[in-house]
Amino acid sequence: MGDLLYTVYGMKISRWFWVILGLVLLASAGLLTASLHRIEARVDQRRLEAAQTTIQQVRTLVTTRYRYRDVVFFDRRTRVLGIPAGQQEILFSVEIDVTAGLDLAQGVDLDIDPDDRRRIYVTLPSPHIVRVVTDEESIRQYLVRERFGRLNWLDVSTEVLAAKERNRADAIERGILSRAESQARAVIGSLLRTVGYEAVEIRFRPPPREVRG
Amino acid sequence: MRRVLSIVLAVLVALVAGALFLAREQVAELIYRETVSSGSESLFIGAQDVAQLETVAVVYKTVFPHDYFLEGARFYALLDRVRDGEAPAEEVLTPAELDHFQAVNLAQSLGLATTPGEPGYVVVTSTLRYGYDLAQLEPHIRSEIARTAADAPAAVTPDAETIPIPPAELLSQETEDITQDDYPYSPVYLDAEGWQTVTRFISQRHQRAQPDEDIIDQATTTGIELLEALTNRSFRVVEPTQR
């Protein structure tokens, strides 16, 4: 009879205590993991909410575009104890545009000849590289290999960025800025003649000097 | 004897531990090694002359596919309606339902989230530029001036009356490249084609959307300011049907 008081389903109450304690600990661990997951999700949600739409006023005259085709290669291999444990490899081509033009926000000066109202002198800002843009529509993927792990586009696009920088330098070397200048001269000259001026003289301000710290 | 052995053993353990500590980087490399090789080669294709006066840039951040999920919509219910319908999905579903349906379809094929709250997303930054294509605007200005000249020939001087021009329009659209340094979100497990598919999906929807009137107004006002600054003439906006 005494044994019945101290056992439940044939197990001593003291042992039941440890079983219950174990279950409580397991449940707590589960709850903790779930709540941590929720916190992470909330943090992520806040980051996403920070994503917004912005409207910027620009005053740019785009005059020239140079187009490049880049073949990009990326290969990551991992080994654990010398044994191959993963590979992410990709080879693709993409076209990149280097665009040049004038930032008209820097100011445009017009001087009309007081003796001849149909003659105008224009001073424009010097041309610069406006932007370098990847054309996603032109992507052509030749091969992709994903073994034990997925390819992260963030790693691959670092190589695309390097290609963009190289193209920017090449475009300058190939004379994109002087072409942008002559095209700006042609565009503005034609526009001014269209609105009634007969003689148009266009000059460009020297580019601002690069400040080196 | 046992004591001597214990001392020798302790010294050996200490030596091994010390050696492991000193060569920890080599040991770690033996256990786990990662090598990355990458590169690219460029080919100049050609040059193009353009004449675009950009006046407004609108930057959109889109969370794909979540921004296209329609509250209360269920993918399989939409699928049933498309299957049961005799017309194509574009006619059976509303534009918002179609976006939801196509976004889930695409997300599923790319291994991204298919329901709200699920992980697996991409944040895409797109820039839409508005303004005037001067190559198209100039013939318009020329014909307006010619029309004025026909009505009143004396009016065609640089100081003549205002020139009517159409409202500004969408000139270009581009997607910002993302890298580890400027992308504070989760990794983007997509290959080049996956990235292309997602950006195409978003670009098509931006192009399809009716441009915000305020944006067009702002782009037109700035365009007129710039044209006036460039030509010393006055411009005013007219809707294409207006004369």
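Undergrad: So what exactly am I meant to see when it comes to the overall build of chain B here?
TA: On a plain count of helices and strands, chain B comes out with 8 helices and 5 strands. When its helices and strands are written in sequence order, chain B yields α-α-β-α-α-α-β-α-β-β-α-α-β. Relative to the 2.2 N^0.38 estimate, which gives 18 Å for 243 residues, the radius of gyration of chain B is 31 Å and therefore markedly larger than a compact globule would have. By its C-alpha atoms, chain B is 125 × 55 × 30 Å across when sized along the principal axes. Expressed as a percentage of the 243 residues in chain B, the buried residues total 41%. Summarising the internal contacts of chain B: among those between residues at least 6 apart in sequence, 81% fall at separations of at least 24. Element-wise, carbon and sulfur atoms account for 54% of the exposed surface of chain B, whose accessible area totals about 13600 Å².

Undergrad: Which parts of the structure should I look at to understand the sheet that holds strand β1 (residues 32-64) of chain B?
TA: Consider a sheet: its strands pair through backbone hydrogen bonds, and that pairing is either parallel or antiparallel. One open sheet accounts for 6 strands, arranged β7(A)-β4(A)-β3(A)-β1(B)-β2(B)-β4(B); its pairing is antiparallel. Every interior strand has two partners, whereas the edge strands, β7 (128-147) of chain A together with β4 (169-175) of chain B, have only one. When strand polarity is set aside, the average angle formed by the axes of neighbouring strands in this sheet is 20 degrees. Where strand β4 (residues 83-103) of chain A lies against β7(A), 14 bridges are found, and the strand directions are antiparallel.

Undergrad: Please explain the interface of chain B and chain A as it appears in this structure.
TA: Interface extent is often summarised as the accessible area lost during association of the parts. With 83 residues of chain B at the contact, the number on the chain A side is 81 residues. Taking both sides of the interface into account, the surface hidden between chain B and chain A amounts to around 7400 Å²; carbon and sulfur atoms contribute 52%. Joining chain B to chain A, the criterion identifies 7 salt bridges. A salt bridge links A:Arg59 to B:Glu225; the nearest nitrogen and oxygen atoms lie 2.7 Å apart. Those elements giving two or more residues to the side of chain B that touches chain A turn out to be α2 (24-31), β1, β2 (122-133), α6 (134-151), β4, α7 (192-208) and α8 (213-231) of chain B. Looking at the side of chain B that touches chain A, the element that brings in the most residues is β1(B), giving 31 residues. Per-class residue counts for the side of chain B that touches chain A are 42 nonpolar, 23 polar and 18 charged. Summarising the sheet, strand β3 (residues 54-80) of chain A and β1(B) pair through 24 bridges and their orientation is antiparallel.

Undergrad: What's the story with the confidence of the model for chain B in this structure? I'm lost.
TA: One rule of thumb: low pLDDT means the predicted coordinates there are not for detailed reading. Residue and element names in this part refer to chain B. Within chain B, residue pLDDT values average 89, and 94% of them lie at 70 or more. Put simply, α2 is where chain B has its lowest mean pLDDT, 81, and β2 is where it has its highest, 96. Model confidence for the complex is summarised by a pTM of 0.79, with the ipTM given as 0.82.

Rules behind the numbers
Residues numbered from 1 in each chain as written. Chains lettered and ligands numbered in written order. Predicted model: local features only at pLDDT ≥ 70, side-chain atom pairs only at ≥ 80, totals over all residues. Heavy atoms only, no water. Helix = DSSP H or I, 4+ residues; strand = E, 2+ residues; numbered from the N terminus. Rg over C-alpha atoms; globule rule 2.2 N^0.38 Å. Buried < 20%, exposed > 50% of the residue type's maximum accessible area, 1.4 Å probe, protein only. Contact = heavy atoms within 4.5 Å. Areas by Shrake-Rupley, 256 points an atom, 1.4 Å probe, with all protein chains shown as cover. Pairing = 2+ DSSP bridges. Axes fitted to C-alpha atoms, helices over the stretch in contact; angles between N-to-C directions. Buried area = accessible area lost by both parts, 1.4 Å probe. Salt bridge = Lys/Arg side-chain N within 4 Å of Asp/Glu carboxyl O. Nonpolar A, V, L, I, M, F, W, Y, C, P; charged D, E, K, R; others polar. pLDDT = per-residue confidence, 0-100.

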